[in-house]
Structure formats: C-alpha cells, structure tokens
Amino acid sequence: VEFATHPETFLQASNLGAEITKYRFTYPIYSFINAHQAFLDLTPDNALVLLTAPGLLEHNTGKPMEGWLWKADALKLYEMAYFAEGDVLELGTYAGLSTCIIAQAIVDSSRNSMVLPIDIADYGWKANADLNHVGQQIDFHLGPAIEQVQSLIAAGRKFGFTFVDHSHTYEEVAAICPMLDKVAKPGSFVQFHDYNDPRNGNEPNYGVWQAVMDTLPPTFQFCGVYGCSGLYRYTTADNL
Ligand SMILES: C[S@@+](CC[C@H](N)C(=O)[O-])C[C@H]1O[C@@H](n2cnc3c(N)ncnc32)[C@H](O)[C@@H]1O
C-alpha cells in the first residue's frame, strides 16, 4: 500500500498548537470511507467532537458522550482503526468516546477484531459502548498503562493500530514510547493525542511532544499531524 505522509505538518516546539491541523488521508482513499466517517466530518471546524448515543455516528438526539477529540483527531482515529490489521490498542479510555469510534470502525470493516482500551479508572465506558451496540468489540483492561502494556508484551500480543491518550506528562509518555515496538505490528501506525498542544513544554504536566521526540525508537517514522494528533508508523526493513 502506498501511504500518504505529510512531512510538511511536522512542528517544532515553538509552533505547537498554533493551529489545529486539518485532516488528510493516510491510506489511498480519496473520499470518506463511509457514512460513519463522513458523519464525524459534520462536526464544526475547531469544535470538539460530541458523539451521541444510542446510534453512535447516526443521530443527534441521544445522550452526549464526553471527550476531547477534535474533528481531525476523530476522522484519523476512524480511518486508522478501520484499515488496521487485527486488534487495536488504546491507552486512556475515559467515558469511551474514542473507544466507541474505534469499535465502530472495526465493526464497519467487517473484521473479527477487538479494541483493547486501558485506563486506571472506569468512567462509565461500558454504558456508552452498550448504548452504541459496540460493547462486543471491546476488551477493557483496568490498570496503569505501563503495567498493562508490559503484560501484553509478556503475553506476545501485537496490535494493528495504537492510540496513545492516557497522560499528558513527559514521564508517562516517555515510559510507553520505548515499549511500542514490542506491541505494535511492523508496518502499523501509532497516533499520539495531545501532541500538537501549546501546553506541551509550557505547563508543568504537559510533555507529550518532547517525550515522543526523546524516546520513540527511530524505527517509528513521522507521518503527519492531524488535529492535535501526531501519527507515526513502525517501519522495519520488510515494510518500508
Ligand atoms: C484524556 S482521557 C482519555 C480520553 C479518551 N481517549 C477519549 O478520546 O474519549 C485520559 C484517561 O487516561 C487515564 N489515565 C491517566 N493516567 C493513566 C495511566 N498512567 N495509565 C492508564 N490510564 C491513565 C485517565 O483516567 C483518563 O480517563
């Protein structure tokens, strides 16, 4: 597959958050995948996506789901989860907004895969997943991301896409980055949320961008910035 990359969207520390970068396709698709992805695009520009349940991605009369995804983040998440090979790993679940988008993309792709979300707390993701009829695709793990990812590595689990959204701190993200080549399938993508955020480097608990710069193995290649997300691909000699 010829992937589109957007190296021109790379940001230096001083430009973080200057703009919420627009969505562009990574896979060679030239229009939205389906009505569900197109629905996400109806979110006004520069507004956070607010999905409603029941009828995720279908109706706007249900119960709003809390979350912090920009439109471009949500569109990229859906695309990556839809085309991923196999299971998807998610660090940071909160109320399940991103989890439900990923799970819906897996259902829509007609493959028999799961999303494995990890969180240190349970903020009611299950009720939202059930309202959206995507609970059967979700295998939630309660616990700190570092320990949970270590267990997954020990169990030999590999994921076709990884969404990192559990912590804004340099330390937490820097602890995860060096482990990613052990859970990501070669050739798969990793999306870092809060990467393009002006608080990184300027507020005490924000260091996502710097942690990625310092600790992500060089086998991960920068693919682009979409919304506040940074996208990387795990490349090996076989899948360059
Ligand atoms: C920004 S929210 C996730 C939002 C969610 N991905 C979405 O888009 O709707 C971050 C979540 O990460 C969890 N969290 C924070 N530190 C963590 C850690 N060290 N390990 C696992 N989860 C963590 C928090 O409890 C919180 O629910």
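Heads up: these notes are all about the structure in this document. Keep in mind the model is a prediction, meaning the values are calculated, not measured. (Residues numbered from 1 in each chain as written. Predicted model: local features only at pLDDT ≥ 70, side-chain atom pairs only at ≥ 80, totals over all residues. Heavy atoms only, no water.)

### Here's the deal with the overall build of the protein chain
Thought 1: When you go through the protein chain residue by residue, the secondary structure sums to eight helices and nine strands.
Thought 2: In terms of overall size, the protein chain behaves like a compact globule, its C-alpha atoms giving a radius of gyration of 16 Å where 240 residues would be expected to give roughly 18 Å.
Thought 3: The dimensions of the protein chain, computed from C-alpha atoms along their principal axes, are 45 × 40 × 40 Å.
Thought 4: Counting all 240 residues of the protein chain, 54% fall into the buried class. (Helix = DSSP H or I, 4+ residues; strand = E, 2+ residues; numbered from the N terminus. Rg over C-alpha atoms; globule rule 2.2 N^0.38 Å. Buried < 20%, exposed > 50% of the residue type's maximum accessible area, 1.4 Å probe, protein only.)

### Some details on unusual backbone geometry
Note: most peptide bonds trans; most residues except glycine with negative phi.
Thought 1: Positioned with a positive phi, Ser110 is a non-glycine residue whose angle comes to about 65°.
Thought 2: Relative to the assigned elements, Ser110 resides in the loop between α3 (97–108) and β4 (115–119).
Thought 3: By relative accessible area, which is 67% here, Ser110 ends up exposed.
Thought 4: Phi is positive for His133, which is not a glycine, with a value near 60°.

### Section: helix α2 (residues 71–83)
Thought 1: Compared with the 18 Å implied by 1.5 Å per residue over 13 residues, the 19 Å span of α2 between its first and last C-alpha is a close match.
Thought 2: Burial analysis of α2 places 11 of its 13 residues in the buried class, which makes it a mostly covered element.
Thought 3: Those residues of α2 lying buried are Lys71, Ala72, Asp73, Ala74, Leu75, Lys76, Leu77, Tyr78, Glu79, Met80 and Ala81. (Expected span 1.5 Å × (residues − 1).)

### Here we look at the site of the ligand
Thought 1: Residues in contact with the ligand amount to 17 residues; listed here are only the nearest, Ser98, Asp119, Ala145, Asp165 and His166.
Thought 2: A distance of 2.8 Å separates a nitrogen atom of the ligand from a polar side-chain atom of Ser98.
Thought 3: Asp165 is positioned with one of its side-chain polar atoms (N or O) 2.7 Å from a nitrogen atom of the ligand.
Thought 4: Residue classes in the shell around the ligand are distributed as nine nonpolar, five polar and three charged. (Near = heavy atom within 4 Å. Polar contact = N/O pair within 3.5 Å; in protein donor to acceptor, adjacent residues only side chain to side chain. Nonpolar A, V, L, I, M, F, W, Y, C, P; charged D, E, K, R; others polar.)

### A look at the side chain of His193
Thought 1: Assignment of secondary structure puts His193 in the loop between β7 (184–192) and α8 (208–215).
Thought 2: Overall, the relative accessible area of 4% leaves His193 in the buried class.
Thought 3: Polar side-chain contacts of His193 include one of 3.1 Å to the side chain of Asp165.
Thought 4: Contacts of His193, omitting those with residues within four sequence positions, involve Trp68, Leu69, Asp73, Phe163, Val164, Asp165, Val208, Cys228 and Ser229. (Contact = heavy atoms within 4.5 Å.)

### Here we look at the sheet that holds strand β5 (residues 141–142)
Thought 1: Strand order in this open sheet of seven strands is β5-β4-β3-β6-β7-β9-β8, and the pairing throughout is mixed. With one partner strand each, in any of the chains shown, β5 and β8 (220–226) form the two edges of the open sheet.
Thought 2: One ladder, built from four bridges, connects β7 with strand β9 (residues 229–234); its direction is antiparallel. Bridge pairing in β9 places Val190 opposite Tyr232.
Thought 3: Helix-sheet contacts for helix α5 (residues 145–154) involve β3 (88–91), β4, β5 and β6 (159–164), and the interaxial angle to β4 is about 145°. (Pairing = 2+ DSSP bridges. Axes fitted to C-alpha atoms, helices over the stretch in contact; angles between N-to-C directions.)

### Topic: the packing of α2 against α3
Thought 1: Remark: α2 packs on α3, axes separated minimally by 8 Å, with the N-to-C direction vectors making an angle of 40°. Considering the angle they form, α2 stands oblique to α3. Handedness of the crossing formed by α2 with α3: right-handed. Within the contact between the two elements, α2 uses Ala74, Leu77, Tyr78, Ala81 and Tyr82 and α3 uses Ser98, Ile101, Ile102, Gln104, Ala105, Ile106 and Asp108.
Thought 2: In terms of residue class, the contact of α2 with α3 is made up of nine nonpolar, two polar and one charged. (Parallel < 35°, antiparallel > 145°, perpendicular 65-115°, else oblique. Left-handed = near helix turned anticlockwise from the far one by under 90°.)

### As for the pattern of salt bridges
Thought 1: Here the structure, examined in full by the defined rule, presents six salt bridges.
Thought 2: When the shortest N-O distance is used, the salt bridge between Lys71 and Asp41 registers 3.5 Å. Here the residue Lys71 occupies a position in helix α2, and Asp41 occupies one in the loop between α1 (35–40) and β1 (52–53), the gap between them amounting to 30 residues.
Thought 3: Here Lys76 makes a salt bridge to Glu79, at a shortest N to O gap of 2.8 Å. One end of the pair, Lys76, and the other, Glu79, are both in helix α2, three residues apart, so they sit about a helical turn from each other. (Salt bridge = Lys/Arg side-chain N within 4 Å of Asp/Glu carboxyl O.)

Interpretation in functional terms is not warranted from these geometric data alone.
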